[in-house]
Amino acid sequence: MLRLPRFGVQTPDTLEDAVAALAQPGARLVAGGTDILPNLKHRLDQPPVLVSLSRVASLREIREEDGNLVIGAGVTLTEIAEHDRVRALFPSVAYAAGVIASPLIRNMGTLGGNVNLDTRCRYVNQTHFWRTAIGGCLKSEGDVCHVVPKGRICVAAMSSDLVPVLGSLGSTLVNQGPDGPRELPLLDYYGADGTAHIKREPGEVTREVRIPLPSTPTRARYAKWTVRKSIDFPLVSVAINVQLASDSVDAEVTGVSVVVGVLGSKPRVVTRLDEVIGRKLSDATVAHTVATRVHAQCKPLENVPYEAPYRRQMIRVFAQRAIEEMVAEG
Amino acid sequence: MSEHDEPMPTHETGGHVGGVHRKVDAMERMRGVTRYTDDLKLPRMLHAKIKRSPHPHAKILSIDASAALAMPGVHAVITGRDLPTPYGIIPWTPDETALCVEKALYVGDGIACVAADDEDTAIEALEKIDVKYEVLEPLYDPEQALERRDNQINPYSRKGNLSKKVLLEFGDIDGTLEQSDLVVEGDYFFEGTTHAAIEPHCAVAHVEPSGVLTVWSATQVSHYLHRELAKVLDMPANRIRVIQPPLGGAFGGKSEPFDLEFCVAKLALMTGRPVKLLYTREEVFYSHRGRHPMKMKYRTGFTKDGKITAVDAFTILDGGAYSSFGLVTTYYSGQLLCAPYGFDAYRFHSRRAYTNKPACGPKRGHGSVQPRFAIECQIDKAAEQLGLDPIDMRLHNDIGPNAQTVNEFRVGSNGFSECLRRVRASSSWDAKRKELPYGRGLGVAGSTYISGTNYPIYPNDMPQAAVQITLDRSGRARVFSGANDIGQGSNTMLAVIAGNELGLPLEHIRVLSADTDLCPVDLGAYSSRITLMVGNACLEAAQKLRRQVTTAVGKRWDVPRKRVTLADGQAIDREDPERNVPLAEAFQWAEADEGLLSATGSYNTPKDRHGDYRGGTIGASPAYSFTAHVAEVDVDRSTGIVDVKTIWVAHDCGRALSRKIVEGQMEGSAYMGFAEAIMEQHIVDPGHNGVHPGPSLLDYRLPTFLDTPDLEALIVESPDAQGPYGAKEAGEGPLHPSIPAIANAIYDAVGVRMDSLPFTPPRVLAAIEARAAREKAGELEPHKPTLGGAQETA
């Protein structure tokens, strides 16, 4: 069995105390631990102290406020997947939360942990011994990239299932720092460098995600493909949110947002989708056009353990099917 | 998930045989209180870790452990030079040492071992051991390795990188092929796979004040481990005791000694303290000994009515860094192919190469799962070309009972045709196969497997198996057996046989197994030998005791011994069942008459069931099991994803001694074959220094419950004169047909031949697209044109 390195653990009761504890040099947050603990076993970091958010009760709420559904960062993935209001308002969010990893991991993992999930790479998420055999890389003990051999920027993959979905719904993220809360569009939180892909300011703790309540009828879907039906990180990850003129798949599309994960270190927002606006969602050209744009703009890399050309082909297939399934469901 | 449409067989005595039993260790396992090797904690126990090579091929120039030894809490460091005696599970190929002496041969090869107060200290100490290497050119491709005489991988090899070569020929192969109506030629590749038992290897060693060394190990071959420990440690075997605690799976992955067992023993001897070593999951992947990758080129001849005339097989085995069981694997790659189908001419040419990879060895269905994939696909191709039904064609070729194979093995009972009939009926093959639309398909495959090997690994004339049973005054039987229960249920099998003969309920039987101080020698859990061999030995011992007990009771009742039967915890007068006595009392009468009630039984194999040619004993078995599978698949033409819906598994195990356990073995085998067909790849990455690309259970993908098809176990019983109550094996045979049945079902579904494993979505999709292109160019007719096959792919 792999051993954890030695570290101290603190379990503050309030968000303020958590923010204060995080100010200690090298301190890292544990918000469920299903990502950081395996990474520590792999010696990707050796923090002197871990600050656990498990006792911060204020992070565990789901509420509606100012036209948003607000989900606290400490809410578990299982709770999101099973929550009545989440399921009613944002079925793609509930679905995505419910297909993360496995039931046991969803019971431990939280929203905050998931949106802050570290990027992943086949050359990084291995033991220290294994990485020594290949000489390390930009994100570990070395100075090369094994995915893009001459690359100078790490391209480890943003592998959260929830980020594309929450992004497709126009969510914002609220981080609590020493100087108070900071709200920003969720998709602006991610950057292209896989070694530091989130723009979390020093001392900040993610407090909540705010999803704007839809102002028009919508259809939303998350398409995930992995080799296995449980446990795996996504290999294909496409979130689609369509706004409609009325509550029918035969109604005109008034807006569409597509966000794709597991490419590089940040989610990709698919552009040039305007031409489907005004068409009926049930018009077969909508699914085809969206899938074509997705395919043209999304280029998976060999960063996660699966063939990239196949993943690229599948992003198109799964994007198209997602819209066809929306139509079929009515 | 099984059907019970057959009448339960009736039995002479006891009533256990053929029943459904709770495994003797089931409750403690379910409650989580079983003590596995890693649960053992001894006072003052040290923890050991092994430093491993980060290079796939390197000469060791120097090892400096002084900084590690200077650390507080570090007690000892050993290197290859402390245990320099080469060993090997096959006595003719001793080509490995406990730790590398001169060279490291793959990424993960063991270099040095530290014993420290705790694991964390040991891990820190590994970092402080300074090893200087001269990196050598690694060879990953077996064919390339065979050609490179200038770069010998294993220093103990006598023939460069050729680990073993076998060429055997029976009948006029070239002439027969020439006269055949149809010759199917095919190239197949079977990717390597590993066992992935949930329990990692673990060993604990302790030196008693008397000087006796005890080694507890998660092994499936305690006896062979005992012998190799004596050899490598240069200690008499009578001062070593090996105990196998309950095991968390093995599947062939624990069937030879590993570095950790020698290391803990040596460190315990050096430090005078108990030492434990538990592998990480990554180390389990490196220790491997899993299924060999095989590249196979087959030519198979047929008459126009579908009779197989000749098989010509050319095989390259990728052996990895060490021999392991490779000598046997190389024979098995050809020797086990000559049933269930009879044919008159056969040639196989197999070569095993050393490469700079984790060593391959035996995995469930050792050596014969790969050639079975090739031959069953060949037969499917022939059936299509000849316009025959694939099940009819297999029935037509069944070698039948009491037959001799072309390579001179004698087959006793044979339920293969019945297996085919059962899967045909249960899968609704005849009706369904005509109607399934494009994308859906059914495939069939058959196989045979051995119930133990005719000869032990080291030549000797002693019994292959022995059991001792004692009865005591409380009405209890104790069964002492050297056999390793690895989860297959062998301890329960022994309780069923002893209970059946002695009329005891299973809870009154204690099976004490796999402890070399307490138990008679058994060779271990490999080649599906235990039910037949150890079962026969147990039956003999139990029958001797039954005779003693019934004699004593008959004497008390003044009736002939044969009027007394033992059943339901009582001795009963057959002619006057009102007259009975509890078995405890009957045992006391017998003990008064005879002294301590103890009997032994032993088993050795018949020596007239194989050929006299060199190699003719390898692969020969007292009895052969037979299996047929039908798989139903749903292939997504746009993604290449193969969804295996159901596998019907019919298996002739001779006689099912314990039905649920047999069904469990059948389902578990079919699952394992399915996993190899669809997902598994145990490989190294030549582009990245020969590392295993994913030595973890996240990256080495095994199917979850959600991915697993429905598995329908159909027990077929064709009792064999060689087996106890007619029983043959059930633990490995039922794996074989899964893979070719799925391959053949994929062809039935979408018209593409998957001749390389695994059938991953990118490969299946590429094959579908290649076929579509040929259809478009007019080179091929659409597959299943009237059932949707001509549609454009999405």
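Please read all numbers here as calculations on a predicted model, not as lab measurements.

Calculation criteria
Residues numbered from 1 in each chain as written. Chains lettered and ligands numbered in written order. Predicted model: local features only at pLDDT ≥ 70, side-chain atom pairs only at ≥ 80, totals over all residues. Heavy atoms only, no water. Helix = DSSP H or I, 4+ residues; strand = E, 2+ residues; numbered from the N terminus. Contact = heavy atoms within 4.5 Å. Pairing = 2+ DSSP bridges. Axes fitted to C-alpha atoms, helices over the stretch in contact; angles between N-to-C directions. pLDDT = per-residue confidence, 0-100. Domains from an automatic or database assignment. Buried area = accessible area lost by both parts, 1.4 Å probe. Salt bridge = Lys/Arg side-chain N within 4 Å of Asp/Glu carboxyl O. Polar contact = N/O pair within 3.5 Å; in protein donor to acceptor, adjacent residues only side chain to side chain. Nonpolar A, V, L, I, M, F, W, Y, C, P; charged D, E, K, R; others polar. Buried < 20%, exposed > 50% of the residue type's maximum accessible area, 1.4 Å probe, protein only. Expected span 1.5 Å × (residues − 1). Right-handed = clockwise from strand over helix to strand, strands pointing away. Parallel < 35°, antiparallel > 145°, perpendicular 65-115°, else oblique. Left-handed = near helix turned anticlockwise from the far one by under 90°.

### Describing the side chain of Glu632(B)
And step 1. Position of Glu632(B) among the secondary structure elements: in strand E26 (residues 624–635).
And step 2. Setting aside residues no more than four positions away along its own chain, Glu632(B) makes contact with Lys432(B), Leu436(B), Arg440(B), Gly441(B), Leu442(B), Asp643(B), Val644(B), Lys645(B), Thr646(B) and Trp648(B).

### Things to note about the sheet that holds strand E1 (residues 8–10) of chain A
Residue and element names in this part refer to chain A.
And step 1. Ordered by their spatial adjacency, three strands build an open sheet running E1-E3-E2, and the pairing between neighbours is parallel. Both edges of this open sheet fall to E1 and strand E2 (28–30), since each of them pairs with a single strand only. Strand-to-strand twist in this sheet, taken as the mean axis angle between neighbours without regard to direction, amounts to 30°.
And step 2. Sheet analysis places E2 next to strand E3 (residues 49–52), joined by three bridges and oriented parallel. When the bridges of E3 are listed, Leu-29 appears paired with Val-51.
And step 3. Helix H1 (residues 15–22) contacts E1, E2 and E3 of the sheet and is inclined by roughly 165° relative to E3.

### A look at the sheet that holds strand E24 (residues 580–582) of chain B
All names here are of chain B.
And step 1. Taken in spatial order, the three strands make up an open sheet running E22-E23-E24, and their pairing is antiparallel. With partners counted over all chains shown, the strands left at the sheet margins are strand E22 (564–567) and E24, one partner each. Recorded for the sheet is a direction-independent mean angle of 20° between the axes of neighbouring strands.
And step 2. Pairing of strand E23 (residues 570–573) with E24, which is carried by three bridges, proceeds in the antiparallel orientation.

### Brief notes about the confidence of the model for chain B
And step 1. The pLDDT averaged across chain B works out to 96; a share of 98% of its residues lies at or above 70.
And step 2. Contacts of residues 1–11 of chain B to residues separated by more than four positions or lying in other chains number 28 contacts, the stretch itself having pLDDT below 50.

### Details of the domain arrangement of chain B
Residues and elements named next belong to chain B.
And step 1. Domains assigned within chain B are domain 1 (44–138 + 197–250 + 254–287), domain 2 (427–439 + 623–794) and domain 3 (462–603).
And step 2. A straight line from the C-alpha centre of domain 2 to that of domain 3 covers 42 Å.
And step 3. On the domain 3 side, the residues contacting the 13 residues of domain 2 number 17 residues.
And step 4. Overall, the association of domain 2 and domain 3 removes approximately 1,100 Å² of surface from exposure, summing both partners, and the carbon and sulfur fraction of that is 61%.
And step 5. Linking domain 2 to domain 3 there are zero salt bridges.
And step 6. The interface formed by domain 2 and domain 3 contains five residue pairs in polar contact (both at pLDDT 80 or more).
And step 7. Each residue belonging to the side of domain 2 that touches domain 3 can be placed in one class, and the counts come to six nonpolar, four polar and three charged.

### A look at the environment of Asp573(B)
All names here are of chain B.
And step 1. For Asp-573, the location among the structural elements is in strand E23.
And step 2. The buried category is assigned to Asp-573, whose relative accessible area is 0%.
And step 3. Measuring from C-alpha to C-alpha, the distance between Asp-573 and Arg-561 comes to 9.5 Å, with 12 residues separating the pair along the chain.

### Side note on the environment of Val327(A)
Residues and elements named next belong to chain A.
And step 1. Mapped onto the fold, Val-327 is located in helix H11 (residues 308–329).
And step 2. Sequence separation between Val-327 and Val-249 is 78 residues; the distance between their C-alpha atoms is 5.7 Å.
And step 3. If we skip the residues at most four places from it in the chain, Val-327 touches Val-249, Leu-281 and Ser-282.

### Some points on helix H15 (residues 530–557) of chain B
And step 1. The terminal C-alpha atoms of H15(B) lie 38 Å apart, and with 28 residues this matches the ideal 40 Å at 1.5 Å per residue to within 8%.
And step 2. Phi turns positive, to about 60°, at Asp558(B), one or two residues after H15(B).

### Focus: the pairing of strand E28 (residues 710–716) of chain B
All names here are of chain B.
And step 1. Buried residues dominate E28, accounting for five of its seven residues.
And step 2. Two elements, strand E27 (residues 642–652) and E28, share seven bridges in a ladder whose sense is parallel. Residue pairing in the sheet places Ile-647 in a bridge with Leu-711 of E28.
And step 3. In terms of handedness, the path from E27 via helix H17 (residues 659–678) over to E28 forms a crossover that is right-handed.

### Structural notes on the packing of helix H11 (residues 390–397) of chain B against helix H12 (residues 416–426) of chain B
Residue and element names in this part refer to chain B.
And step 1. Look at H11 against H12: their axes get within 9 Å of each other, and the N-to-C directions meet at 165°. Comparing the axis directions of H11 and H12 gives the class roughly antiparallel. Here H11 and H12 pass one another in a crossing that is left-handed. Mapping the contact onto sequence places Ile-391, Asp-392, Arg-394 and Leu-395 in H11 and Phe-416, Ser-417, Leu-420, Arg-421 and Arg-424 in H12.
And step 2. Looking at the contact of H11 with H12, its residues break down into four nonpolar, one polar and four charged.

### As for the domain arrangement of chain A
The accessible area lost on association of the parts is a frequent measure of interface size.
All names here are of chain A.
And step 1. Taken domain by domain, chain A holds domain 1 (57–117 + 157–212) and domain 2 (218–329).
And step 2. Placing the centre of domain 1 and that of domain 2 at their C-alpha centroids yields a distance of 20 Å.
And step 3. Taken together, the contacts link 27 residues of domain 1 with 25 residues of domain 2.
And step 4. Carbon and sulfur atoms make up 65% of the area that domain 1 and domain 2 hide from each other, which totals about 1,900 Å².
And step 5. The interface formed by domain 1 and domain 2 holds one salt bridge in total.
And step 6. The partner of Lys-224 in a salt bridge is Asp-161, and the shortest N-O contact between them spans 3.1 Å.
And step 7. At the junction of domain 1 and domain 2, the tally comes to 10 residue pairs in polar contact (both at pLDDT 80 or more).
And step 8. Elements that contribute at least two residues to the side of domain 1 that touches domain 2 include exactly helix H5 (91–98) and helix H9 (162–168).
And step 9. Counting residues per element, the side of domain 1 that touches domain 2 draws most heavily on H9, which supplies five residues.
And step 10. Tallied by class, the residues present in the side of domain 1 that touches domain 2 amount to 16 nonpolar, nine polar and two charged.

### A closer look at the interface of chain B and chain A
And step 1. The partner chain A presents 34 residues to the 45 residues of chain B that form the contact.
And step 2. Approximately 3,100 Å² of surface area, both sides summed, lies buried where chain B meets chain A, with 55% of it carried by carbon and sulfur atoms.
And step 3. Summed over the three residues of chain B that lose the most area to chain A, namely His688(B), Leu698(B) and Arg701(B), the buried surface amounts to 20% of that side.
And step 4. Where chain B meets chain A, there are four salt bridges.
And step 5. Note that Asp120(B) and Arg3(A) form a salt bridge whose closest N and O atoms lie 2.9 Å from each other.
And step 6. Where chain B meets chain A, there are 14 residue pairs in polar contact (both at pLDDT 80 or more).
And step 7. A total of six residues in the side of chain B that touches chain A trace back to one element, the largest contributor, which is helix H3 (residues 119–128) of chain B.

### Quick look at unusual backbone geometry
And step 1. With an omega of 0°, the peptide bond between Ala339(B) and Pro340(B) qualifies as cis.
And step 2. A positive phi is found at Val262(A), a non-glycine position, where the angle reads about 55°.
And step 3. With respect to the helices, strands and loops of the structure, Val262(A) is situated in the loop between strand E11 (253–260) and strand E12 (268–269).
And step 4. A positive phi is found at Ala514(B), a non-glycine position, where the angle reads about 55°.
And step 5. Structurally, the position occupied by Ala514(B) is in the loop between strand E21 (509–513) and H15.
And step 6. Note on Ala514(B): relative accessible area 1%, which makes it buried.

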